[in-house]
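# What the coordinates show
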Amino acid sequence: MKLEKSKKLFKEAQKYLVGGVNSPVRAFKSIGIEPIFIEKAKGSRVWDVDGNEYIDYVLSWGPLILGHANDQIINAIKQVSNYGTSFGAPTELEIEMAKAVVEAVPSIEMVRFVNSGTEATMSAIRLARGYTGKKKIIKFEGCYHGHGDSLLVSAGSGVATLGIPGTPGIPEELAKLTIVLPYNDIDAVEEAFKKYGDDIACVIIEPVAGNMGTIAPSKEYHQRLREITKEYNSLLIWDEVMTGFRLALGGAQELYGIEPDLTTLGKVIGAGLPVGAYGGKAEIMKYVAPEGPVYQAGTLSGNPLAMVAGLRQLEILKEKNPYPDLEEKGKRLEEGIKQLIEKYNIKATVNRVGSMMTIFFTDKEVKNFEDAKSSDLETFNKFYISMLEKGIYLAPSQFEASFLSTAHSDEDIEKTLNAIEDSFKEIGG
Ligand code: PMP
């Protein structure tokens, strides 16, 4: 595979950008290769600067559920940009977008738009603390909620990928207020509430985890978590930055039939433009300024280009209901991979929910971060490189989910399974 231009650009990038990138996982550091620089993308495909073509399962880490450069979304952005790029004042588009979110997500009565998933979770935590008057929060090992100070403790995604152990730069006094518990273990939650229940402002969880690879807890687990948080007047925050509008139009909460107090959103809500949001019960949201005392603001929040891109994407999702089809495609891919795992006797397990999927290189059932960490990372890396060489672009870490879009065709899935078969022959043989 020719990668000369990418290599040249990476050398140049490292002179001016920390690690040559603007977000750590993009550097491919844990894989031991240099990143490829992307030139363009369309549908399920991306092309790098050397002209190599890939079937893309990263999809900008999740936002592009309709595939790259969807014509309707691109046209909407072009049209709106004729009127200006930002006003820092209210627009009608924001109302339409808020309506679309409130109608789609069962538990959201009011919403505030921000510019990223990180901002959404950071703000939701502040609101939970402000609303309850309590200080401690509970998060789960391997869940990643962006890089806000309170949440960057035992985090998944790039923190797990790079094996960064502690939280340098985050005052111990603050980190101490974050209680970290094993994912998918209700006894641990019961115990923590018995001990600290009076001072727990909120529990934040990825309802289906994607940042330690894909892991879905049982309905009973989520039901009990809902009950316990209610019992202790602690807010339940579902971080649906990854799962929102991806697993269903109403996100994981539609699938599980559970209503959190607050929900955070990102990725799909912006169709690849910088949008995040947090929302929930009106009574709680009204604690946010200017109605309430909890301050949170943003110069570019509700930006018209971002709003129209997200809105158009949500409208298409609502109109087309692509979720049964995404489930069908996901199932085909999952079953194909499982057959290949058996055929080539690979020590691996596949976890999937709808269009989110991870192959873990362990023969253990993966139900929490400990299980995920039992994956053989050397095998993952070999597999990763082999797939890249065959034109399949996966997330460059074992602790991430791969995503399908409506643009992935049957032929793409066929090609991907063929590439996996060839890679398994290499790594298994
Ligand atoms: N929460 C979850 C569940 C995420 O997956 C991510 C990003 N991967 C974030 C929060 C942070 O979002 P952003 O990168 O947009 O700040």
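Residues numbered from 1 in each chain as written. Predicted model: local features only at pLDDT ≥ 70, side-chain atom pairs only at ≥ 80, totals over all residues. Heavy atoms only, no water.

An unreviewed UniProt entry annotates the protein as Glutamate-1-semialdehyde 2,1-aminomutase originating from Hydrogenothermus marinus. Checking UniProt for the protein, the heading Cofactor (unreviewed entry) contains the comment "pyridoxal 5'-phosphate". In its Subcellular location (unreviewed entry) section, the UniProt record describing the protein reads: "Cytoplasm". (UniProt positions renumbered as here; feature names shortened; annotations may be inferred.)

## Quick word on the pattern of salt bridges
For side chains bearing opposite charge, pairing can occur when the charged atoms are close. On inspection of all chains with the given rule, the structure shows 22 salt bridges. Measuring nitrogen to oxygen at the nearest pair gives 2.6 Å for the salt bridge that ties Asp410 to Arg332. Of the two residues, Asp410 is situated in helix α15 (residues 410-428) and Arg332 in helix α12 (residues 323-343); the sequence distance between them amounts to 78 residues. Judged by its relative accessible area of 47%, Asp410 falls in the partly exposed class. Taken together, the salt bridges that share partners define one network made up of Glu327, Glu334, Lys338 and Arg352. (Salt bridge = Lys/Arg side-chain N within 4 Å of Asp/Glu carboxyl O. Helix = DSSP H or I, 4+ residues; strand = E, 2+ residues; numbered from the N terminus. Buried < 20%, exposed > 50% of the residue type's maximum accessible area, 1.4 Å probe, protein only.)

## Concerning the nonpolar core
Membership of the largest hydrophobic core comes to 71 residues, with the highest contact counts inside it found for Val101, Phe113 and Phe245. In terms of residue count, the dominant contributor to this core is helix α11 (residues 304-320) (nine residues). If we skip the residues at most four places from it in the chain, Phe113 touches Glu94, Met97, Ala98, Val101, Ile269, Val275, Gly276, Ala277, Ser301, Gly302 and Met307. With 40 residues, the next largest nonpolar core counts Ile138, Ala192, Leu236 and Met356 among its residues. (Core = buried A, V, L, I, M, F, W, Y, C linked by side-chain atoms within 4.5 Å. Contact = heavy atoms within 4.5 Å.)

## Section: the UniProt feature "modified residue: N6-(pyridoxal phosphate)lysine" (unreviewed entry) in the protein
Under the UniProt annotation, "modified residue: N6-(pyridoxal phosphate)lysine" (unreviewed entry) lies at Lys267. Residue classification places Lys267 among the partly exposed positions, given a relative accessible area of 25%. Dropping the residues within four chain positions of it, Lys267 is found in contact with Trp61, Gly62, Pro63, Val241, Met242, Gly272 and Val275. Of the polar contacts made by the side chain of Lys267, one reaches the backbone oxygen of Trp61; its length is 3.0 Å. (Polar contact = N/O pair within 3.5 Å; in protein donor to acceptor, adjacent residues only side chain to side chain.)

## Quick look at the site of the ligand
In the vicinity of the ligand, the contacting residues are Ser116, Gly117, Thr118, Tyr144, His145, Gly146, Glu206, Asn211, Asp239, Val241, Met242 and Lys267. Tyr144 places a polar main-chain atom, nitrogen or oxygen, 3.4 Å from a nitrogen atom of the ligand. A distance of 2.6 Å separates a nitrogen atom of the ligand from a polar side-chain atom of Asp239. In isolation the ligand has 390 Å² of accessible area, and contact with the protein removes 81% of it. Partitioning the shell around the ligand into residue classes produces three nonpolar, six polar and three charged. (Near = heavy atom within 4 Å. Areas by Shrake-Rupley, 256 points an atom, 1.4 Å probe, with all protein chains shown as cover. Nonpolar A, V, L, I, M, F, W, Y, C, P; charged D, E, K, R; others polar.)

## Things to note about unusual backbone geometry
The omega torsion across Ala289 and Pro290 is 10 degrees, close enough to zero to call that bond cis. Following the sequence through the fold, Pro290 ends up in the loop between α10 (282-285) and α11. Residue Leu59 is not a glycine yet carries a positive backbone phi of 50 degrees. With respect to the helices and strands, Leu59 occurs in the loop between β3 (53-56) and α2 (71-81). The phi dihedral of Asn321 falls on the positive side, at around 40 degrees, and the residue is not glycine.

## Brief notes about the packing of helix α7 (residues 186-196) against helix α8 (residues 219-231)
Across the interface, α7 lies against α8 with an axial gap of 10 Å and an inter-helix angle of 5 degrees. Between α7 and α8, the angle falls in the class roughly parallel. Only Tyr221, Arg224, Leu225, Ile228 and Thr229 of α8 make contact with α7, whose side of the interface consists of Ile186, Val189, Glu190 and Phe193. Looking at the contact of α7 with α8 residue by residue, the class counts come to six nonpolar, one polar and two charged. (Axes fitted to C-alpha atoms, helices over the stretch in contact; angles between N-to-C directions. Parallel < 35°, antiparallel > 145°, perpendicular 65-115°, else oblique.)

## Looking at the packing of α12 against α15
One way to put it is that α12 packs onto α15 with a least axis distance of 10 Å and a crossing angle of 20 degrees. By the angle between their axes, α12 is roughly parallel relative to α15. Every pair of crossing elements has a handedness; the one defined by α12 and α15 is right-handed. In contact with Lys329, Arg332, Leu333, Gly336, Ile337, Leu340, Ile341 and Lys343 of α12, α15 contributes Asp410, Ile413, Thr416, Leu417, Ile420, Glu421 and Phe424. Counted by class, the contact of α12 with α15 contains eight nonpolar, two polar and five charged residues. (Left-handed = near helix turned anticlockwise from the far one by under 90°.)

## Some thoughts on the side chain of Thr416
Mapped onto the elements of the fold, Thr416 is located in helix α15. Accessibility expressed as a relative area gives 2% for Thr416, which makes it buried. There is a polar contact of 2.6 Å between the side chain of Thr416 and the backbone oxygen of Asp412.

## Considerations on the packing of aromatic side chains
Counted under the stated rule, the structure contains 13 aromatic pairs. Geometrically, the ring pair formed by Trp238 and Tyr256 is edge-to-face, given 6.0 Å between the ring centres and 85 degrees between the ring planes. Of the two residues, Trp238 is situated in strand β8 (residues 235-239) and Tyr256 in helix α9 (residues 251-256); the sequence distance between them amounts to 18 residues. You'll find Trp238 and Tyr256 in the same group, each marked buried. By the ring-pair criterion, three or more aromatic residues cluster together here, those being Phe28, Tyr54, Phe361, Phe380, Phe383, Tyr384, Tyr393 and Phe424. (Phe/Tyr/Trp six-rings, centres within 6.5 Å; stacked < 30°, edge-to-face > 60°.)

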